[in-house]
Amino acid sequence: MGEAPAFIVDDLLGDYPNGLGLKSKGHQTAVDAGHKTYVIGDTDGESALIGVKVLEKSTGEWIIPAVLGTKPQSSKRLSALILNGDRILILKGGSAHDDCFWFLEVDTPFVREQRNKLGTEVVAWSRGVVGDTKMPIVISGPSGVGKGTLIAKLMKEFPSTFGFSVSHTTRAPREKEQNGVHYHFSERSVMEKEISSGKFLEFASVHGNLYGTSVEAVEVVADAGKRCILDIDVQGARSVRASSLEAIFIFICPPSFEELEKRLRARGTETEEQMQKRLRNARAELEQGKAPGLFDHILVNDDLETCYKSLKKLLGLDQVVHSILESAPLLVNLPQDHSVSKIGQKIVIGSKEASENRFVLDLTSLKGGAPGRTRGLQMYSSDSWSNGLNGHI
Ligand SMILES: Nc1nc2c(ncn2[C@@H]2O[C@H](COP(=O)(O)OP(=O)(O)O)[C@@H](O)[C@H]2O)c(=O)[nH]1
Ligand SMILES: Nc1ncnc2c1ncn2[C@@H]1O[C@H](COP(=O)(O)OP(=O)(O)O)[C@@H](O)[C@H]1O
């Protein structure tokens, strides 16, 4: 039996007669999900971050769950409502547009997987992001095939479109490699600890070293409004395929094995022993890369310019950019005192100070989620909704 906290749950549940399973008072809010009540907010009166406690209603037991993901900063006005029984939408009053919507996942596939793995109650935070970002691009292929060269060309030609996911690795830096730019060079013991704490989206042992993509590495690129490029091995590609991160998967092949060896030797960055290891692994990678269902596209990097053109073509970069015609997402800061009501997948948010100020938060096209951000939230003013969008409820 867990120790009862200093507060009594009925005390903190002010009545919200809106039938949403939503009750709130001041710095805390409580939400029912199945046989559990989640108390979210300033749970210990000390932390600057939002805390979570879980009441198992059948036993009256309080549980302090393992909390995964970046925790949001506290807010004086929290509203919360349960969505699909597996995640709680938290609205932080008085917060900026990039910090006002958060999801606390309580029973999503990721949370269930982590619960089984850790053998304890688990919840996971995921920040909500208004608008869409384009799917990340996963690029794989054997060592020396030209992945880095192709990615560098893409980033040089389209610096504001693409951002590179900087992986962690335990391998030693090469002469021209910079920490934090090409890789985050790490100690094995540190990286292993971070892997077990859930910091990584995927990781693999490649050519005798550990390599991994942190959740943060992908999110900083998306937060900068750029499309993320991941240069990872085939095992990593398989892990990403199995994760909640939707991506486009491209495999780069050499024109021949002999040419691959020639390029690797000409690059001159590996010892003979390392090179032999990479060439041995290349045979297996080439087999796996061609396995059906893993990669969406296979490109042969024979002539560099031809391959680069094909890469741009499949990424739609050879077409006229239509983005000028696409309207930018509506970004609004959430008023401190606000009301929320839920109609289907739409949340109507009102300001208590200015009654004419109402917005609709549309959750129809949510994407992603923990580990990482929840994207695809749409915001529009309630005027545009009542002027013809109501039919879509
Ligand atoms: N799974 C995984 N593989 C990675 C990651 N970062 C790099 N790799 C892969 O590790 C392999 C070795 O990379 P690197 O040491 O830079 O050597 P290179 O391929 O010869 O340039 C390549 O196949 C990379 O695609 C990562 O974060 N995760
Ligand atoms: N199409 C190509 N033809 C000839 N050499 C190439 C081609 N693409 C890349 N290279 C060269 O091959 C070497 C390996 O390329 P790199 O981008 O480092 O491969 P990877 O990142 O896949 O290990 C580099 O020296 C690069 O300049």
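It should be emphasised that the depicted structure is a prediction, and the values quoted were computed from it without experimental measurement.

Reading the values: rules and limits
Residues numbered from 1 in each chain as written. Chains lettered and ligands numbered in written order. Predicted model: local features only at pLDDT ≥ 70, side-chain atom pairs only at ≥ 80, totals over all residues. Heavy atoms only, no water. Domains from an automatic or database assignment. Contact = heavy atoms within 4.5 Å. Buried area = accessible area lost by both parts, 1.4 Å probe. Salt bridge = Lys/Arg side-chain N within 4 Å of Asp/Glu carboxyl O. Nonpolar A, V, L, I, M, F, W, Y, C, P; charged D, E, K, R; others polar. Axes fitted to C-alpha atoms, helices over the stretch in contact; angles between N-to-C directions. Helix = DSSP H or I, 4+ residues; strand = E, 2+ residues; numbered from the N terminus. Parallel < 35°, antiparallel > 145°, perpendicular 65-115°, else oblique. Left-handed = near helix turned anticlockwise from the far one by under 90°. Near = heavy atom within 4 Å. Polar contact = N/O pair within 3.5 Å; in protein donor to acceptor, adjacent residues only side chain to side chain. Areas by Shrake-Rupley, 256 points an atom, 1.4 Å probe, with all protein chains shown as cover. Buried < 20%, exposed > 50% of the residue type's maximum accessible area, 1.4 Å probe, protein only. Pairing = 2+ DSSP bridges.

Digging into the domain arrangement of the protein chain
Inference 1: In terms of domains, the protein chain is made up of domain 1 (4-132 + 329-392) and domain 2 (137-325).
Inference 2: Of the residues lining the interface, 9 residues belong to domain 1; the matching set on domain 2 comes to 7 residues.
Inference 3: A buried area of about 680 Å², summed over both sides, lies between domain 1 and domain 2, and 40% of it is on carbon and sulfur atoms.
Inference 4: Taken as a group, Pro371, Arg373 and Arg375 account for 56% of the area that domain 1 buries against domain 2, more than any other trio of residues on that side.
Inference 5: A salt bridge links Arg375 to Asp223; its shortest N-O distance comes to 3.9 Å.
Inference 6: For the side of domain 1 that touches domain 2, the per-class residue count stands at 2 nonpolar, 3 polar and 4 charged.

Quick word on the packing of helix H7 (residues 257-267) against helix H8 (residues 272-289)
Inference 1: Put simply, H7 and H8 touch, their axes get as near as 11 Å, and they point 150 degrees apart. The orientation of H7 with respect to H8, classified from their angle, is roughly antiparallel. With respect to the hand of their crossing, H7 and H8 are arranged in right-handed fashion. Side by side, H7 and H8 meet where Phe257, Leu260, Glu261, Leu264, Arg265 and Arg267 of the first sit next to Glu272, Met275, Gln276, Arg278, Leu279, Ala282, Arg283 and Leu286 of the second.

A closer look at the site of ligand 2
Inference 1: Among the 14 residues in the neighbourhood of ligand 2, the closest are listed as Gly144, Lys147, Thr149, Arg267 and Asn301.
Inference 2: At a separation of 2.5 Å, an oxygen atom of ligand 2 approaches a polar side-chain atom of Thr149.
Inference 3: A distance of 2.9 Å separates a nitrogen atom of ligand 2 from a polar backbone atom of Asp302.
Inference 4: With the chains in place, 73% of the 560 Å² that ligand 2 exposes on its own is no longer accessible.
Inference 5: Elements that contribute at least two residues to the shell around ligand 2 include exactly helix H3 (147-157) and H7.
Inference 6: Looking at the shell around ligand 2, the element that brings in the most residues is H3, giving 3 residues.
Inference 7: The class makeup of the residues in the shell around ligand 2 is 3 nonpolar, 6 polar and 5 charged.

Comments concerning the environment of Val206
Inference 1: Structurally, Val206 is set in strand E15 (residues 200-206).
Inference 2: Each C-alpha atom, one on Val206 and one on Asp233, is 7.5 Å from the other, the two residues being 27 residues apart in sequence.
Inference 3: Beyond its immediate chain neighbours, meaning those up to four positions away, Val206 contacts Tyr211, Asp233 and Gln235.

Here we look at the pairing of strand E2 (residues 28-33)
Inference 1: Most of E2 sits out of view: 5 of its 6 residues are buried.
Inference 2: Of the strand pairs in this sheet, E2 and strand E3 (residues 36-41) are connected by 6 bridges, and their pairing is antiparallel. The residue of E3 that forms the bridge with Gln28 is Gly41.

Quick notes on the sheet that holds strand E16 (residues 209-214)
Inference 1: Here 4 strands make up an open sheet; going across it, the order is E14-E13-E16-E15 and the pairing mixed. Either end of the sheet is taken by a strand with one partner, and the two such strands are strand E14 (183-185) and E15. This sheet shows a mean twist of 25 degrees between the axes of neighbouring strands, independent of strand direction.
Inference 2: In this sheet, E16 lies alongside strand E13 (residues 167-169) in antiparallel orientation, the contact comprising 2 bridges. Counterpart to His168 in the pairing with E16 is Gly212.
Inference 3: Contacts from helix H4 (residues 188-196) reach E13, E15 and E16 within the one sheet, and its direction differs from that of E16 by about 40 degrees.
Inference 4: Relative to the sheet, helix H5 (residues 215-223) contacts E15 and E16, its axis offset from that of E16 by approximately 40 degrees.

A word on the site of ligand 1
Inference 1: In the vicinity of ligand 1 there are 20 residues, among which Ser143, Ser167, Arg171, Tyr183 and Tyr211 approach most closely.
Inference 2: Take Glu202: an N or O atom from its side chain is 2.7 Å from a nitrogen atom of ligand 1.
Inference 3: One of the side-chain N or O atoms of Asp231 is found 2.6 Å from an oxygen atom in ligand 1.
Inference 4: Listing elements by their share of the shell around ligand 1, those giving two or more residues are E15 and E16.
Inference 5: Of the residues that constitute the shell around ligand 1, the class distribution is 5 nonpolar, 7 polar and 8 charged.

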